[in-house]
Each structure stands twice: as structure tokens, then as C-alpha cells.
Amino acid sequence: MADPDAALQFKVNPAELDGCGQSAQHIGGLVPGETSKITEPCNQAAGTLKGWLTAAAVRDCGANWKTLLDKLGSDMSDVGAKLATSAGYYRQVEKDIHGHLKSQDGGAATADEPDPFGTVLTPTGGKAQ
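The model shown is predicted, which means the values in this text are computed figures rather than measured ones.

*Asks:* What exactly am I supposed to notice about a nonpolar patch on the surface here?
*Replies:* On the surface, V93, I97 and L101 cluster together into a nonpolar patch covering about 280 Å² of accessible area. Tracing the sequence through the fold places I97 in helix α2 (residues 54-103). Under the relative-accessibility criterion, I97 is labelled partly exposed at 46%.

Following this line, the structure appears as C-alpha cells:
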């Protein structure tokens, strides 16, 4: 039976992840300035409905929409910050792995690790002895 997960691929591009995070933070930060424009028209409309039961509903609807949209903006900012942080983690792990691999002896077998392939090293331009 074939492995169903064999075709799945997970790729992360830290630059794209960071860009998405920055965009989400920016847009989330713009939301409160825009939602403040909701309540005044609703309050004006409610003012024209004096004596009607719908006046309070119109006013409350505007206030509730503002509250929900402000929460959405806050959530977008929070998620954006987490995406940017994740991008930083990916970059750090890549840097750590690169540093670790660079510090190794080029992957050559050491005395504690026998060469399973029987590799013979020759000097540049030389012949194996």
C-alpha cells in the first residue's frame, strides 16, 4: 500500500511568511481608524427614527459592528505578528543548521566512523597509491 503522505510537501519561504505577517499587521492597524466611521452614520439614522423601536436597534447594530471589526483588526495584527515571528524562527533554524554543517569536517569520515565506501583520497592532480 502506498504511503498517503508521500505526495504531501511542506515548504516555507520565510520572506513570504514575513511579508504576509507585515501586511496583516498593517491592515489590522488600519481597521480601528475606519471602524470609527461606522457609528456616527448609525447614530444619525437612529436620531431620525425617534419614537420608533428600530432606532435603538440601528444604533446598537453600528456599535456592535464596530466592536466586531475592531476585534477582527486586533486579531489580524496578532496573527501578523506571529507570522513574522515564525519567519524569524525559520531563518534562525536555517542559520543554525548552516553553521553546524559548516563547522563539520566537510562530512568526511572520522577515525570513529569507518568509511563504508572505502574511499581513497588523492592529492589534486595526483594518483591513488
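That covers the picture; the talk isn't over yet.
*Asks:* Honestly, the side chain of T35 in this entry has me stumped. Any pointers?
*Replies:* Following the sequence through the fold, T35 ends up in helix α1 (residues 14-47). Among the polar contacts made by the side chain of T35, one reaches the main-chain carbonyl oxygen of P32 at a distance of 3.1 Å. Setting aside anything within four residues of it in sequence, one finds T35 in contact with K66, L69 and D70.

Calculation notes
- Residues numbered from 1 in each chain as written.
- Predicted model: local features only at pLDDT ≥ 70, side-chain atom pairs only at ≥ 80, totals over all residues.
- Heavy atoms only, no water.
- Patch = residues over 30% accessible without salt bridge, like charges linked within 9 Å, V, L, I, M, F, W, Y side chains within 5 Å.
- Areas by Shrake-Rupley, 256 points an atom, 1.4 Å probe, with all protein chains shown as cover.
- Salt bridge = Lys/Arg side-chain N within 4 Å of Asp/Glu carboxyl O.
- Helix = DSSP H or I, 4+ residues; strand = E, 2+ residues; numbered from the N terminus.
- Buried < 20%, exposed > 50% of the residue type's maximum accessible area, 1.4 Å probe, protein only.
- Polar contact = N/O pair within 3.5 Å; in protein donor to acceptor, adjacent residues only side chain to side chain.
- Contact = heavy atoms within 4.5 Å.

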